[in-house]
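The primary structure of each chain is shown beneath.
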Amino acid sequence: MTKNFVQELQWRGMVHDVMPGAEEHLMEEMRGAYVGIDPTADSLHIGHLVSVMMLRHFQLAGHKPYALVGGATGMIGDPSGKSAERNLLDEETLRHNQEAIKGQLARFLDFESGEDNAAVLVNNYDWMKNFSFLEFIRDVGKHITVNYMMAKDSVKKRLSSDAKEGMSFTEFTYQLVQGYDFLYLYQNHNCSLQMGGSDQWGNITTGTELIRRIGGGKGFALTCPLITKADGTKFGKTEGGNVWLDAERTSPYKFYQYWLNTSDDDAEKYIKIFTFLSQQEIEALVAEHKEAPHQRALQRKLAEEVTIMVHSEEDLNNAIKASDILFGKSTSEDLKQLNEKTFLDVFEGVPQATVSKDELDPGLDMIGALAAQTGFLGSNGEARRELKQNSISVNKEKVKEDYLITISDLINDKFVLLQRGKKNYFVLVVA
């Protein structure tokens, strides 16, 4: 092994805790490590990206990554960082989610090459489903004391006097189930390291304890810091909810915008965590950014790298084109290339009015389009004035009062974009 995995993560700010001896253990030969992923949806969101990046760095360092989809644990729910229990899923939904997640992971991890360190996807439901309750408490439960389990932070928080509700037995036993996963992968796949967010330390060390007591071996733990934003709001969330990797749930345009809009402090931190740029490249970018912060070199590079990695170069180019539309650097041709979802994302919150397609056959006059039939402007007189002052555009192109809006102006057979001045937009929806 030539590449020092722990060192690589350390300069990137991706190590919160690491068990003594882990670095030396990984330098000796190829090792196996796993990260658990909760399959409660059929897509990962950017909150999952940190642990996926850890697995990718692990594979790049010559080791063998395991992505564990928590089919069994997804059925009961992890109390770490949670204040309430989660909904339970049936097996069919879990399998569907697992396949979708594997497709997304394949953009980061090499599953198919046949190399010794090719990634493996496992699901803990496969080894837990036939385990009877009596067998589990006999073979696993007796090795860990209640005192040991009660000392974990995730348990203490839920049992403290501040907690709104107590903790069910199901959640209390979660750390045993996760601990058993580590033991199972250690015994059956030679997997000696578990990685996760810093809130997982307690669950991971329960696994290393089971490996010591039942497996007679040594397991290691490595956790990364929980990603936060400088302004205290939650990373990976927008007003509309999670930022997903699935383009159907979060369009590439919105995905790109999320990264583009990060603060300077966050961008400097995130570019180390969410890209594979080298230390030299990042240091040069940070220096360039400090000289001219208004050009947002860091944010632009971050948004580009992550969008290409999760989606594609074509999606990135479309997202950049869509972003330019709002800043006046585009033509009606650019607008007509947007798909409906991206168009609606770009003009989210812009006022709309609906007109019927029949009105476009003879052509809709500008006074009707601006005032009489849409209410975009306050009156016909105001519409005439604005047209005389040359401040009205249809699909980004200036028009006069004699212009008629017809079917040929439609974007996606459905929309016409009206604009007064630089920043006042209005969408005609043609039904």
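In this text, all values refer to a predicted model and were calculated from it rather than measured experimentally. Within each chain, residue numbers correspond to sequence positions counted from 1 in written order. Where local features are concerned, this predicted model is filtered to residues with pLDDT of at least 70; where side-chain atom pairs are given and counted, the filter is 80 or more; whole-chain, interface and lining totals use all residues. Calculation of side-chain values draws on the structure's entire complement of heavy atoms; hydrogens and water are dropped beforehand.

Quick word on the overall build of the protein
Of the regular secondary structure elements, the protein holds 21 helices and 15 strands. Taken over the C-alpha atoms alone, the protein extends approximately 85 × 45 × 45 Å along its principal axes. Counting the 431 residues in the protein, one finds 51% classified as buried. In the protein, once contacts between residues fewer than 6 apart in sequence are set aside, the share between residues at least 24 apart is 72%. Each helix is a run of H or I in the DSSP string that is no shorter than four residues. Each strand is a run of E no shorter than two, and both are numbered from the N terminus. Relative accessibility under 20% of the residue-type maximum defines a buried residue, over 50% an exposed one, and the middle range a partly exposed one, all with a 1.4 Å probe and only protein chains included. Contacts: residue pairs with any heavy atoms within 4.5 Å of one another.

A few points about the domain arrangement of the protein
Each domain's extent is set by a domain assignment, obtained either automatically or from a database. As assigned here, the protein comprises domain 1 (5-224), domain 2 (237-328) and domain 3 (344-430). Taking only C-alpha atoms into account, the centre of domain 1 sits 29 Å from that of domain 2. The partner domain 2 presents 25 residues to the 19 residues of domain 1 that form the contact. Accessible surface is computed with a 1.4 Å probe, and the buried area is the amount of it that two parts give up when combined, taken over both parts together. Approximately 1900 Å² of surface area, both sides summed, lies buried where domain 1 meets domain 2, with 68% of it carried by carbon and sulfur atoms. On the domain 1 side of the interface with domain 2, the three residues burying the most area are Trp11, Arg12 and Ile46, jointly 34% of the side's total. Here, a salt bridge means any side-chain nitrogen of Lys or Arg that lies within 4 Å of a carboxyl oxygen of Asp or Glu. At the junction of domain 1 and domain 2, the tally comes to one salt bridge. Close ionic contact of Asp42 with Arg249 constitutes a salt bridge, the shortest N to O distance being 2.9 Å. Any pair of N or O atoms that falls within 3.5 Å is considered a polar contact. Within protein, one atom must be able to donate a hydrogen and the other to accept it, and sequence-neighbouring residues count only if both atoms are side-chain atoms. Where domain 1 meets domain 2, there are 11 residue pairs in polar contact (both at pLDDT 80 or more). Of all the elements, helix α3 (residues 49-60) adds the most residues to the side of domain 1 that touches domain 2, at six residues. Under the grouping applied here, Gly and all other residues not named as nonpolar or charged are polar, the nonpolar ones being Ala, Val, Leu, Ile, Met, Phe, Trp, Tyr, Cys and Pro and the charged ones Asp, Glu, Lys and Arg. In terms of residue class, the side of domain 1 that touches domain 2 is made up of 10 nonpolar, five polar and four charged.

Observations regarding the packing of aromatic side chains
Geometry of aromatic contacts follows a simple scheme: Phe, Tyr and Trp rings, the Trp one being its six-membered ring, pair when their centres are within 6.5 Å, and the pair is stacked under 30 degrees between planes, edge-to-face over 60, tilted otherwise. Tallying each qualifying case throughout the model produces 20 aromatic pairs. Measuring from ring centre to ring centre gives 5.7 Å for Tyr34 and Phe182, while their planes differ by 70 degrees; the resulting arrangement is edge-to-face. Of the two residues, Tyr34 is situated in strand β2 (residues 32-37) and Phe182 in helix α11 (residues 174-189); the sequence distance between them amounts to 148 residues. For the pair Trp259 and Tyr270, a centre-to-centre distance of 6.2 Å together with 85 degrees between the ring planes defines the contact as edge-to-face. Placement of the pair is Trp259 in helix α13 (residues 252-260) and Tyr270 in helix α14 (residues 264-273), with a sequence separation of 11 residues. Of the two residues examined, Trp259 and Tyr270, each falls in the buried class. Members of the aromatic cluster, joined through ring pairs, are Phe235, Phe255, Tyr258, Trp259, Tyr270 and Phe274. We call a charge positioned above a ring when the Lys NZ or Arg CZ atom is no farther than 6 Å from the ring centre and deviates by at most 35 degrees from the ring normal. A cation sits over an aromatic face here: Lys218 above Phe220, 5.0 Å from the ring centre. One Lys or Arg, Arg249, reaches over the ring of Trp244 and ends 4.4 Å from the middle of that ring.

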